[in-house]
Amino acid sequence: MKKVLMFIVMCAISMVIAQSARAAGIGVYGTGGVGMMNWQYNGTKGGSSTDYFYGGGLVVDSNVARNELFGYRFTAGYEQYVWTDPGSDAKSDPIHRFSMTHTFGFGVARTETVRFWVGPKIGLHYLYKHESGYAIDAIGADALLALGLNVNAGEVFTFFFDIGMGYMGVYNLKGSEVGNAFGADAKLGFLFRINDSYKG
């Protein structure tokens, strides 16, 4: 777990350093989402669960406000992940989830005040929880279609919101469980812009 966490942190730091030398946005976000998961065990259909998560982290964006078509957004963060049995009130204790996402956004509407974009989002996650008699080590992967809105408040500050919908998967590293879901996640946050303006 420590190695995975360190890798995510180093990716975030590298992105910040690389982007801060030129136009970029750097900030923080809060996130939440849900997935309707179907499970398989040893290739046999198992049960289902309604999973949800919430958390936050750091974000770096290569194009927050500029009047250019393409922008790349990287996030790295931590979430609490919970699954519930839809047939009862039973739910798991929160599981640690360390996440990073890569979003490739195309600005379909661009003005000095707002940038509306759409594009694919790829998410990679590590889920971890070890307790007496209970252990989870799993990898998560998302392939989502995302859309978002950046709202510029002045020369250096931007609020943003984005939502992604599509495939979410969980793969147990120490067992045969595989979960596949249709789900959605959303992020809300703010960015400080560096050399990034509509006319710049």
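Model, not experiment: these values are computed from the prediction.

Chemist: Quick question: what am I supposed to make of the side chain of Ser99 here?
Modeler: Inspection of the secondary structure puts Ser99 in strand β4 (residues 95-110). At a separation of 2.7 Å, a polar atom in the side chain of Ser99 contacts the side chain of His125.

Chemist: Is there a simple way to think about the pattern of salt bridges in this case?
Modeler: Charged atoms that come close allow side chains of opposite charge to pair. Under the defined criterion, the tally for this structure stands at 9 salt bridges. Between Lys121 and Asp162 there is a salt bridge, and its shortest N-O distance comes to 3.1 Å. Here Asp162 lies in strand β7 (residues 157-172) and Lys121 lies in strand β5 (residues 114-131), a separation of 41 residues in the sequence. Of the two residues examined, Lys121 and Asp162, each falls in the buried class. Taken together, the shared-partner salt bridges connect Asp61, Arg73, Lys121, Asp162, Asp185 and Lys187 into one network.

Chemist: Looking at this model, I keep getting lost on a nonpolar patch on the surface. Mind explaining?
Modeler: On the surface, a cluster of nonpolar side chains totalling about 520 Å² of accessible area is made up of Val28, Leu58, Val156, Phe159, Phe190 and Phe192. Position of Phe192 among the secondary structure elements: in strand β8 (residues 177-194).

Chemist: Is there a simple way to think about unusual backbone geometry in this case?
Modeler: When glycine is set aside, most residues are seen to have a negative phi, and most peptide bonds are trans. For Asn195, which is not a glycine, the phi torsion comes out positive at approximately 55°. Overall, the relative accessible area of 60% leaves Asn195 in the exposed class.

Chemist: What should I look at first to understand the nonpolar core in this one?
Modeler: Soluble globular proteins: nonpolar side chains tend toward being buried together. Counting residues in each nonpolar core, the largest one holds 12 residues, listed as Met37, Trp39, Phe53, Tyr81, Ile95, Leu127, Ile136, Ala138, Leu144, Met168, Val170 and Ala181. Listed by contribution, the elements that provide at least two residues to this core are β1 (24-41), β6 (134-152) and β7. It is β6 that provides the largest number of residues to this core, a total of 3 residues. Core analysis: the next-biggest nonpolar cluster, separate from the first, contains 5 residues, Tyr29, Val59, Val64 and Leu191 among them.

Chemist: For this particular structure, what's the right way to read the environment of Phe70?
Modeler: Note that Phe70 resides in strand β3 (residues 70-84). Here Phe70 falls in the partly exposed class, since its relative accessible area comes to 40%. Counting along the chain gives 35 residues from Phe70 to Gly105, while the straight-line C-alpha distance between them is 5.9 Å. Ignoring sequence-local partners within four residues, the contact set of Phe70 consists of Asn63, Phe104, Gly105, Phe106 and Arg115.

Rules used in this analysis
Residues numbered from 1 in each chain as written. Predicted model: local features only at pLDDT ≥ 70, side-chain atom pairs only at ≥ 80, totals over all residues. Heavy atoms only, no water. Helix = DSSP H or I, 4+ residues; strand = E, 2+ residues; numbered from the N terminus. Polar contact = N/O pair within 3.5 Å; in protein donor to acceptor, adjacent residues only side chain to side chain. Salt bridge = Lys/Arg side-chain N within 4 Å of Asp/Glu carboxyl O. Buried < 20%, exposed > 50% of the residue type's maximum accessible area, 1.4 Å probe, protein only. Patch = residues over 30% accessible without salt bridge, like charges linked within 9 Å, V, L, I, M, F, W, Y side chains within 5 Å. Areas by Shrake-Rupley, 256 points an atom, 1.4 Å probe, with all protein chains shown as cover. Core = buried A, V, L, I, M, F, W, Y, C linked by side-chain atoms within 4.5 Å. Contact = heavy atoms within 4.5 Å.

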